[in-house]
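So you can see what is in the structure, the chains are spelled out below.
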Amino acid sequence: MRRDTDDARGRRRLLARVLAPLLAAAVLLLVPGTGSGLGPGAATAEAASVCAGRPTRTIAFATGELRLYKTRDYACAVTVAKRPGPRRAMAVSLQPRGARPAVRSGRFDRQAGPVTVHALNRCVRASGSVAGRGTSTGWILC
C-alpha cells in the first residue's frame, strides 16, 4: 500500500514539474504588457514602474502630465511628455512640507524624474513642466 502512495506522489511531482513552466509561459504570452513589452499597455506599465507605491494623482497639462505616487513613507513624482520625441527642457519637483524640494531638470526626450522624498505624515507640493509649459499643485497627499 505504501508503494502505491509513493508512485502517486512521484507522478504528481513529475506532472507539477512539467506543467508549472508551461503555465508560466502561457500567462506571459496572454497577459498584455508583459513578455516582450509590445503589448497594448507597455508604455503605461513602463512609466508607472519608475516610482514605488500606488498612483495617487495624475495632473495633465498641455504638453504632458505630472504623475504622483505614494507609499506609506515616501512620495514620488514623474513628469511625462505627451509626445515623446526630441530632447527638450523638462523638470519635476517634489517638496515635503518643512523641507527643501527635490528637483530633477534638464533636457529629456520622454520623462523627467523620478524624484522621491520622505513624506511620512507630511503634505507635499509638486510641479512639473515640459517645453516651458507645466503645472504645480498646492499642498496635497496630506
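Computed from a predicted model, the values in this text were never measured in an experiment.

**Observations regarding the nonpolar core**
Within soluble globular proteins, side chains that are nonpolar generally end up buried alongside one another. With 19 residues, the main nonpolar core has Ala77, Leu94 and Val124 as its most contacted residues. Elements that contribute at least two residues to this core include exactly strand 2 (64–70), strand 3 (74–81), strand 4 (88–96), strand 6 (111–118) and strand 7 (124–130). Each residue touching Leu94, except ones within four places of it in the same chain, is listed here: Leu68, Ala75, Cys76, Ala77, Pro101, Ala102, Val115, Val117, Val124, Arg125 and Ala126. Grouped together as the second largest cluster of nonpolar side chains are 5 residues, Cys51, Tyr69, Val78 and Val80 included.

**Details of the sheet that holds strand 7**
Taken together, the 4 strands give an open sheet; going across it, the order is 5-4-7-8, and neighbouring strands pair in antiparallel fashion. In this open sheet, the two strands that pair with only one neighbour each are strand 5 (102–108) and strand 8 (133–136). Within the sheet, the average angular offset between the axes of one strand and its neighbour, ignoring direction, is 5 degrees. The pairing of strand 4 with strand 7 spans 7 bridges and is classified as antiparallel. Paired with Ser93 across the bridge in strand 7 is Ser127.

**Structural notes on the pairing of strand 8**
Alignment of strand 7 against strand 8, held across 4 bridges, turns out to be antiparallel. In the strand pairing of strand 8, Gly128 is matched with Thr135. Turn length for the strand 7-strand 8 hairpin, with the two strands adjacent in sequence and antiparallel, is 2 residues, and the turn residue Ala131 shows positive phi of about 55 degrees.

**Some words on the pattern of salt bridges**
Scanning the model with the defined rule gives 2 salt bridges in all. For Glu65, the salt bridge goes to Arg67, with nearest N and O atoms at 2.5 Å. Glu65 gets classed as partly exposed once you look at its relative accessible area, which sits at 22%. When its relative accessible area of 13% is taken as the criterion, Arg67 is described as buried. In this structure, Asp73 and Arg72 form a salt bridge, with 3.2 Å as the shortest nitrogen-oxygen distance. Look at Asp73 and you get partly exposed, because its relative accessible area is 27%. For Arg72, a relative accessible area of 66% corresponds to the exposed category.

**Quick notes on the environment of Arg133**
Mapping Arg133 onto the fold places it in strand 8. Distance from Arg133 to Ala89, taken between C-alpha atoms, is 9.8 Å for residues 44 residues apart in sequence. What Arg133 contacts, discounting residues up to four positions off in sequence, is Phe61, Ala62 and Thr63.

**So, the state of the cysteines**
Each disulfide consists of one covalent bond between the sulfur atoms belonging to two cysteines. Following the criterion strictly, the structure yields 2 disulfides and no others. Across a sulfur-sulfur distance of 1.8 Å, Cys51 and Cys76 are joined as a disulfide pair. Residues Cys51 and Cys76 share a disulfide whose torsion about the S-S bond is about -55 degrees; that sign makes it left-handed. Taken as a pair, Cys51 in the loop between helix 2 (42–48) and strand 1 (54–61) and Cys76 in strand 3 lie far apart in primary sequence, 25 residues in all. Overall, the relative accessible area of 4% leaves Cys76 in the buried class. Linked covalently through their sulfurs, Cys123 and Cys142 form a disulfide whose S-S length is 1.9 Å. Here the S-S torsion is close to 120 degrees, and the disulfide linking Cys123 with Cys142 is therefore right-handed. Of the two residues, Cys123 sits in the loop between strand 6 and strand 7 while Cys142 sits in the segment after strand 8, which places them 19 residues apart along the sequence. Accessibility expressed as a relative area gives 72% for Cys142, which makes it exposed.

Analysis parameters
Numbers given for residues are sequential positions, taken from 1 along each chain in its written order. For this predicted model, a pLDDT threshold of at least 70 governs which residues receive local features, and a threshold of 80 or more governs which side-chain atom pairs are given and counted, while totals over whole chains, interfaces and linings are taken from all residues. Side-chain calculation: all heavy atoms of the structure are included, whereas hydrogens and water are not. Among the buried residues, those of types Ala, Val, Leu, Ile, Met, Phe, Trp, Tyr and Cys that are joined through side-chain atoms within 4.5 Å form a nonpolar core. Residue exposure (1.4 Å probe, protein chains only): buried if accessible area is under 20% of the type maximum, exposed if over 50%, otherwise partly exposed. A run of H or I in DSSP counts as a helix once it spans at least four residues, and a run of E counts as a strand once it spans at least two, with each numbered from the N terminus. Two residues form a contact once any of their heavy atoms are found within 4.5 Å. DSSP-based pairing: two strands are paired if at least 2 bridges between them are found. To define axes, lines are fitted to C-alpha atoms, for helices over the stretch in contact only, and angles between the resulting N-to-C directions are given on a 0 to 180 degree scale. We count a salt bridge whenever a side-chain nitrogen from Lys or Arg sits within 4 Å of a carboxyl oxygen from Asp or Glu. Our working definition of a disulfide is a cysteine sulfur pair at a distance within 2.5 Å.

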